[in-house]
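If you want the building blocks of each chain, they are given just below.
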Amino acid sequence: MNVLRTIPASHRPVEAQPRIIIITSSGITKSSHDHLPLFWRTIYPWLLASPHADKLGVERMLAYCAKWEWTDKEPLPEILPPDWTTVAGTPGEGELKKVLAIRPAFLTDGECKSDKKNKRAYRVGEGDLDNNGYSVSRKDVAHFIVEGALEDWDSYQNKCVTIAY
């Protein structure tokens, strides 16, 4: 199965694990979809169905490997086959400890507003924000990774956060 990558045995002990940051999307799980602005809730299902299917698969896999509660639907079998947890080399349930999932609002190619303000121009919250927002620039997501998540890793490690303006 070439869809799933494996972590070498040398990187499996917690002290040797690399930091893993995934970027998915707000609106891919039922809970995060319910927190989207009405406009996005109406068009996401048909506009972004295919990319969201892949991102749901990534989040499902990470939830298993980090032992996060998973209450959402299972990804499509063409994304994650039913027996994916038994594939040789797949990290065990709860084996990954240095992980962060980032769910940005709709990504834009806009400027990094945070650089101009010399402070965060975006909102970040664990899980879903009260209003997941309409958008956030790719540059501000990068700003958060470098200036937020990596700088204060202990606050973000083993979490799933949403980022939006």
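Residues numbered from 1 in each chain as written. Predicted model: local features only at pLDDT ≥ 70, side-chain atom pairs only at ≥ 80, totals over all residues. Heavy atoms only, no water.

Visitor: Give a detailed account of the packing of aromatic side chains, specifying residues and quantitative values.
Guide: All told, the structure shown has six aromatic pairs when counted by the stated rule. Considering the side-chain rings of Trp 40 and Tyr 44, the 5.3 Å spacing of their centres and the 50 degrees angle between planes classify their relative orientation as tilted. Placement of both Trp 40 and Tyr 44 in helix H2 (residues 38–47) is noted, with a separation of four residues, approximately one turn of the helix. Across the pair, Tyr 44 and Trp 40 agree in class, each one buried. An aromatic cluster of three or more residues is present, and its members are Phe 39, Trp 40, Tyr 44 and Phe 106. The ring of Tyr 165 has Lys 113 lying over it, and the distance from NZ or CZ to the ring centre is 4.0 Å. (Phe/Tyr/Trp six-rings, centres within 6.5 Å; stacked < 30°, edge-to-face > 60°. Helix = DSSP H or I, 4+ residues; strand = E, 2+ residues; numbered from the N terminus. Buried < 20%, exposed > 50% of the residue type's maximum accessible area, 1.4 Å probe, protein only. Lys NZ or Arg CZ within 6 Å of the ring centre and 35° of its normal.)

Visitor: Go over H2 with me, naming the residues and quoting the values.
Guide: Where H2 is concerned, the buried positions are Trp 40, Ile 43 and Tyr 44. Seen along its axis, H2 keeps its buried residues to an arc of 120 degrees; they face one direction. Exposed and facing more than 90 degrees away from the buried side of H2 are Leu 38 and Trp 46. Considering only its buried residues, H2 is in contact with helix H1 (30–34), helix H3 (49–66) and strand E3 (106–108). (Arc of directions from axis to C-beta. Contact = heavy atoms within 4.5 Å.)

Visitor: Outline the nonpolar core, supporting the account with residue identities and numerical values.
Guide: Counting 15 residues, the largest nonpolar core has Leu 100, Ile 102, Val 136, Phe 144, Tyr 156, Val 161 and Ile 163 as its most contacted members. Looking at this core, the elements that each hand over two or more residues are strand E2 (99–104), helix H5 (138–149), helix H6 (153–156) and strand E6 (159–164). The dominant element in this core, judged by the number of residues it contributes, is H5, at four residues. Residues in contact with Ile 163, not counting those within four places in the same chain, are Ile 102, Arg 103, Pro 104, Ala 105, Tyr 122, Arg 123, Val 124, Val 136, Asp 140, Val 141 and Phe 144. Of all hydrophobic cores here, the second largest spans 11 residues; its members include Leu 62, Trp 84, Val 99 and Cys 160. (Core = buried A, V, L, I, M, F, W, Y, C linked by side-chain atoms within 4.5 Å.)

Visitor: Any chance you could break down a negative patch on the surface for me, citing the residues and the numbers?
Guide: Residues Asp 115, Glu 147, Glu 151, Asp 152 and Asp 154 make up a contiguous surface patch of negative charge. Among the structural elements, Asp 152 can be located in the loop between H5 and H6. (Patch = residues over 30% accessible without salt bridge, like charges linked within 9 Å, V, L, I, M, F, W, Y side chains within 5 Å. Areas by Shrake-Rupley, 256 points an atom, 1.4 Å probe, with all protein chains shown as cover. Salt bridge = Lys/Arg side-chain N within 4 Å of Asp/Glu carboxyl O. Lys, Arg positive; Asp, Glu negative; His and termini not counted. Charge placed at Lys NZ, Arg CZ, Asp CG, Glu CD.)

Visitor: Mind laying out unusual backbone geometry, listing which residues take part and the relevant values?
Guide: You will see that Lys 67, though not glycine, has its phi angle at about 60 degrees, which is positive. Positionally, Lys 67 belongs in the loop between H3 and E2. Although it is not a glycine, Asn 118 sits at a positive phi angle of roughly 60 degrees. Its relative accessible area of 71% is what places Asn 118 among the exposed residues.

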